[in-house]
Amino acid sequence: MKNINNLTIVMYHYVRDLKNSKFPGIKGLELSSFIEQIQYIKKNYHPVTMEEVIYCIENQSKIPDKSILLTFDDAYSDHYSNVFPILQKNKIQGSFYIPSKVITEHKVLDVNKIHFILASSFNILRIIDDIKLLINSYKSQYKLYDFDYYYKKLAHKNSWDSKEVIFVKRLLQVELTEDLRTKIVDILFTKYIGISEFEFSNELYMNEEDLVNMLNCGMHIGSHGHNHFWWNALTQSEIENELNLSCDFLQRIGVDMTNWTACYPYGSYDDQSVNMLSKKGCKLAVTVDTNIAKTNKEDRFLMPRLDTNDLPKNRAEKPNKWYHQA
Ligand SMILES: [Zn+2]
């Protein structure tokens, strides 16, 4: 059934010339595939701006047929060097979601450290051996179980990752306490990446000047929190603090705060974070749930997105099911 409020939102993370990069194992989109996907989008969809989407939500007006909005998470320098020129050339607006800590403190998010640790070594079993040794050495101090307990519990493959990769990600992103997670990630980062966090942060992420430049060229920049925490794990004052730090940053770089938007880190929404966004005047927020979004007022803080992998990466390809549902 046709719905006059349907909006396709696409989510991107790393977009780079992977094959010729220092970390060809990183899970990202090849730049050449991005170029093709943009041509596919231009051929089949109607790219809209965030301001148009907000207008349609506020006024409950019809959004153009096959409307599409492109979003880019985590402030990667890929987005400035690779994505931005292509969007400009094709006159398409991108929406960029920035965890402000990486810009203001030159840190590297733990989740990114884990991506690069996994991409750095050809043999993941070596990393798992290191983790085994570390679990043993911290066992009494942190009252840990045996390594085998964690491995049995966490190492289950899904459609994206092997059981070994899932084990490393779950153990270091969720299972251990934050303090110990950070310690282990830092030890592995030093061993496998071998450059300072400051230096790596400057390579991996955009800087303030890049963001200001993109804003001046009509791109949209929104909140992805400050620390990239799981918002559904925070207390009310913690989520408020995350949004305050993030909004202060957006305001400072020149974002129009009458039209600010947000993106839940890891898609981690809950009632409390939705209410806090609403209270702070946020206009809409995007999740990582896979679906076509609707520009209804009641859905504006839970707008699902497709992943880049859900759309063809070849301009000549026939439209797929997401086109027909849009
Ligand atoms: Zn993120």
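Everything numeric in this text was worked out from a predicted model, so none of it was measured.

**Some remarks on the packing of aromatic side chains**
For step 1, the next point in the chain: In the structure shown here, the tally under the stated rule is 24 aromatic pairs.
For step 2, the next point in the chain: Feature note: the residues Tyr14, Phe23, Tyr76, Phe116, Phe189, Phe200 and Tyr205 constitute an aromatic cluster, connected by ring pairs.
For step 3, the next point in the chain: Note that Lys66 overlies the ring of Tyr323, its terminal NZ or CZ placed 4.1 Å from the centroid.
For step 4, the next point in the chain: Directly above the ring of Phe189 sits Lys113, whose terminal nitrogen or CZ lies 5.7 Å from the centroid.

**What to know about the packing of helix H6 (residues 124–138) against helix H7 (residues 147–154)**
For step 1, the next point in the chain: Between H6 and H7, whose axes approach to 9 Å, the crossing angle comes to 130°. Put simply, H6 runs oblique to H7. Contacts between H6 and H7 pair Ile128, Ile131, Lys132 and Ile135 from the former with Phe147, Tyr150 and Tyr151 from the latter.

**Notes on the domain arrangement of the chain**
For step 1, the next point in the chain: Looking at the assigned domains, one finds that the chain contains domain 1 (6–107 + 204–325) and domain 2 (113–200).
For step 2, the next point in the chain: Between the C-alpha centres of domain 1 and domain 2 there is a distance of 28 Å.
For step 3, the next point in the chain: Buried area between domain 1 and domain 2, summed over both chains or domains, comes out near 1,100 Å², and the portion from carbon and sulfur atoms is 65%.
For step 4, the next point in the chain: Ranking the residues of domain 1 by area buried against domain 2 places Phe23, His106 and Leu204 at the top, with a combined share of 41%.
For step 5, the next point in the chain: Where domain 1 packs against domain 2, one counts 1 salt bridge.
For step 6, the next point in the chain: Residue Asp161 pairs with Lys27 through a salt bridge whose shortest N-O separation is 2.7 Å.

Each value, and the rule that gives it
- Residues numbered from 1 in each chain as written.
- Predicted model: local features only at pLDDT ≥ 70, side-chain atom pairs only at ≥ 80, totals over all residues.
- Heavy atoms only, no water.
- Phe/Tyr/Trp six-rings, centres within 6.5 Å; stacked < 30°, edge-to-face > 60°.
- Lys NZ or Arg CZ within 6 Å of the ring centre and 35° of its normal.
- Axes fitted to C-alpha atoms, helices over the stretch in contact; angles between N-to-C directions.
- Helix = DSSP H or I, 4+ residues; strand = E, 2+ residues; numbered from the N terminus.
- Parallel < 35°, antiparallel > 145°, perpendicular 65-115°, else oblique.
- Contact = heavy atoms within 4.5 Å.
- Domains from an automatic or database assignment.
- Buried area = accessible area lost by both parts, 1.4 Å probe.
- Salt bridge = Lys/Arg side-chain N within 4 Å of Asp/Glu carboxyl O.

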